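Per-entry structural report
Letter by letter, the chains look like this.
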Amino acid sequence: MRYDFIIRGGHVIDPERGIDETADIGITGNKIAEVSDDAECGRIINAAGCYVFPGLIDFHTHIYGNGSNCGVHADYLLATGVTSAVDAGTAGSSNFDSFYGGTVVPSKVRIKSYLNMYGSGQIDYNIVEKFDRCEYRKQDILKVIDRYRDNILGLKIRMSRGVAKDIDAMDAMMEIAQEEGVGVCVHTSNPVVPLPEITERLRAGDIYCHCYQAWGDESILDENGKLRGFIIEAREKGVLMDAANGRMNFSIECCKKALEQGFYPDIISTDWLDDKYNISSHAKSLTFVMSKYMELGMTLPQVLRCVTSAPAKAMGMQGKIGTLKPGAYADVAIFKLTEKKAIHRDSANLTFETHKLFVPQCVFADGEPAFCQADFALLD
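Residues numbered from 1 in each chain as written. Predicted model: local features only at pLDDT ≥ 70, side-chain atom pairs only at ≥ 80, totals over all residues. Heavy atoms only, no water.

Before going further, it helps to examine the overall build of the protein chain. Each helix and strand in the protein chain was counted, giving nine helices and 15 strands. A globule of 380 residues ought to have a C-alpha radius of gyration of about 21 Å, and the protein chain, at 20 Å, matches this closely. Across its three principal directions, the C-alpha atoms of the protein chain cover 65 × 45 × 35 Å. Residues classed as buried in the protein chain amount to 57% of the 380 residues present. In the protein chain, of all internal contacts separated by at least 6 residues, the share reaching a separation of at least 24 is 73%. Split by element, the accessible area of the protein chain, about 14700 Å² in all, is 45% carbon and sulfur. The averaged location of the 52 negative side-chain charges in the protein chain is 1 Å from the averaged location of its 40 positive side-chain charges. (Helix = DSSP H or I, 4+ residues; strand = E, 2+ residues; numbered from the N terminus. Rg over C-alpha atoms; globule rule 2.2 N^0.38 Å. Buried < 20%, exposed > 50% of the residue type's maximum accessible area, 1.4 Å probe, protein only. Contact = heavy atoms within 4.5 Å. Areas by Shrake-Rupley, 256 points an atom, 1.4 Å probe, with all protein chains shown as cover. Lys, Arg positive; Asp, Glu negative; His and termini not counted. Charge placed at Lys NZ, Arg CZ, Asp CG, Glu CD.)

As structure tokens, then:
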């Protein structure tokens, strides 16, 4: 069999299939192909000494780079090993056409989206959303969902003081989500209402966003540092917990105590905005954030699941992305794991030190080399 590329001799970890071993990965066209004994290929990539992962998925980003002062250009993600992403409500019904045509269609990164309940979305740090039933433009929201149903995963709201009026703002969103059969993503930091009022409205598959936040009066922990019953009940009914690091949405103490009690995230993401990407000690990249969870005791396969197979399932693309199984899209990320100290900061400006760092070597997106480190030999 003839292959376009063979990635040979790397340490392959694919949580979707439970693989954690040295193996070869074939690429034919834009799909992963099993490497046969009679393989023919003039382009062999020597991945010895490297990890080979499915292309990473950043489930919470803001990548409306050409339409929002908060957003980052989507294809900046490729050099970090991320080949698929979810935009978490940067655009609303007023500008989703522009976002889709100017970002989703031309980007090499695969993109799914949440639609912001506020018509203008998050277009500037100085223009704050108004989450209030009377501010919603329901007919416009319904039209956009219908037009882009293959892309839109659901609706996004920030249930925070200063942007959400009250719980009725969420109720109005849930009515539309139920009517249209879509999910929701709820930002929970600095909550305007008690957190149990939020979780009791969420359904299986909905996203509880920023699960380790401690901004405001409430978090998932009680005054003794123990998990509160409402968050355990939410997980039991199938609500997905997204760490969504961000700058003001992550507390290292909350995260440590939750992990010690076995409350691991379903999804690990960055909440990438232009105040963090590449330069911030809060969430400069997805692999930077991943290293924090490894330092806190999660295994590499556990962490990798949270950035591959789990978000792929939440995106409705299980088996197509976030895996290296034959027939999946050929999104592949090759990394070296180096020993290097890094300092992470949380919302209270507390620091946390990690000692391992994933360095991208080569990234394939849809079967094509999308990034290659200067000192990595793409071909033998």
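The structure having been displayed, the exposition proceeds.
The full count for this structure, using the stated rule, is 12 aromatic pairs. An aromatic cluster is defined as three or more aromatic residues linked by ring pairs; in this entry it consists of Y64, F96, F99, Y100 and Y148. Looking at R43, its charged tip hangs above the ring of F5, at a distance of 4.1 Å from the centre. The ring of F288 carries K284 above its face, with NZ or CZ at 5.8 Å from the centroid. (Phe/Tyr/Trp six-rings, centres within 6.5 Å; stacked < 30°, edge-to-face > 60°. Lys NZ or Arg CZ within 6 Å of the ring centre and 35° of its normal.)

One can find A374 in the segment after β15 (368–372). Sequence spacing of A374 and V363 is 11 residues, and the spatial spacing of their C-alpha atoms is 13 Å.

This part covers the UniProt feature "domain: Amidohydrolase-related" (unreviewed entry) in the protein chain. UniProt records the feature "domain: Amidohydrolase-related" (unreviewed entry) for residues 51–368 in the present numbering. Across residues 51–368 one finds 24% helix and 24% strand; the C-alpha atoms that close the span lie 18 Å apart. (UniProt positions renumbered as here; feature names shortened; annotations may be inferred.)

This brings us to the state of the cysteines. Per the stated rule, a full pass over the model turns up zero disulfides. C255 provides the cysteine sulfur closest to C211, a residue in no disulfide bond, and the two sulfurs are 7.5 Å apart. Counting only cysteine sulfurs, C362 is the nearest neighbor of C372, a cysteine outside any disulfide, at a range of 4.8 Å. On the basis of relative accessibility, which here comes to 32%, the residue C372 falls in the partly exposed class. (Disulfide = S-S within 2.5 Å.)

What follows concerns the sheet that holds strand β11 (residues 207–209). Across the sheet, seven strands lie side by side as β6-β7-β8-β9-β10-β11-β12; this open sheet has parallel pairing. The open sheet has two edge strands with one neighbour each: β6 (56–61) and β12 (240–242). Between one strand axis and the next, the sheet turns by 25° as a mean value, whatever way the strands run. Pairing between β6 and strand β7 (residues 82–92): four bridges, direction parallel. Bridge pairing links L56 to V82 in β7. Helix α1 (residues 96–104) rests against β7, β8 (110–116) and β9 (152–158) of the sheet, and its axis sits at about 165° to β8. (Pairing = 2+ DSSP bridges. Axes fitted to C-alpha atoms, helices over the stretch in contact; angles between N-to-C directions.)

Here we come to the pattern of salt bridges. Within this structure, the stated rule accounts for 21 salt bridges. The closest approach of N and O atoms between D217 and R161, which form a salt bridge, is 2.8 Å. Here the residue D217 occupies a position in the loop between β11 and α5 (229–236), and R161 occupies one in the loop between β9 and α3 (167–180), the gap between them amounting to 56 residues. We classify D217 as exposed; its relative accessible area is 66%. R161 sits in the partly exposed class, given a relative accessible area of 39%. R228 serves as the salt-bridge partner of E218, at 3.3 Å between the closest nitrogen and oxygen. (Salt bridge = Lys/Arg side-chain N within 4 Å of Asp/Glu carboxyl O.)

Moving on: the nonpolar core. Judged by nonpolar contacts, the single largest core of 87 residues is most densely connected at L155, M170, Y208, Y212, I220 and Y293. The element contributing the most residues to this core is α3, with eight residues. The residues touching L155, leaving out its near neighbours within four places in the chain, are Y114, L115, M117, I141, I145, M173, I176, A177, V182, G183, V184 and C185. One finds A47, L324, A330 and V332 within the second-largest nonpolar core, a separate group that totals 18 residues. (Core = buried A, V, L, I, M, F, W, Y, C linked by side-chain atoms within 4.5 Å.)

Because each turn of an α-helix spans 3.6 residues, side chains separated by three or four positions in sequence point in the same direction. Those residues of α1 that fall on the buried side of the exposure criterion are F96, F99, T103 and V104. All buried residues of α1 lie within an arc of 75° about the axis, which places them on one face of the element. Packing partners of the buried residues in α1 comprise β7, β8, α2 (138–147) and β9. (Arc of directions from axis to C-beta.)

Okay, helix α6 (residues 252–260) next. For α6, every residue scored as buried is listed here: I252, C254, C255, A258 and L259. The arc that holds every buried residue of α6, seen down its axis, measures 160°, which confines them to one face.

Mapped onto the fold, D87 is located in strand β7. There is a polar contact of 2.8 Å between the side chain of D87 and the backbone nitrogen of I63. What D87 contacts, discounting residues up to four positions off in sequence, is T61, H62, I63, Y64, F99, K112, S113 and Y114. (Polar contact = N/O pair within 3.5 Å; in protein donor to acceptor, adjacent residues only side chain to side chain.)

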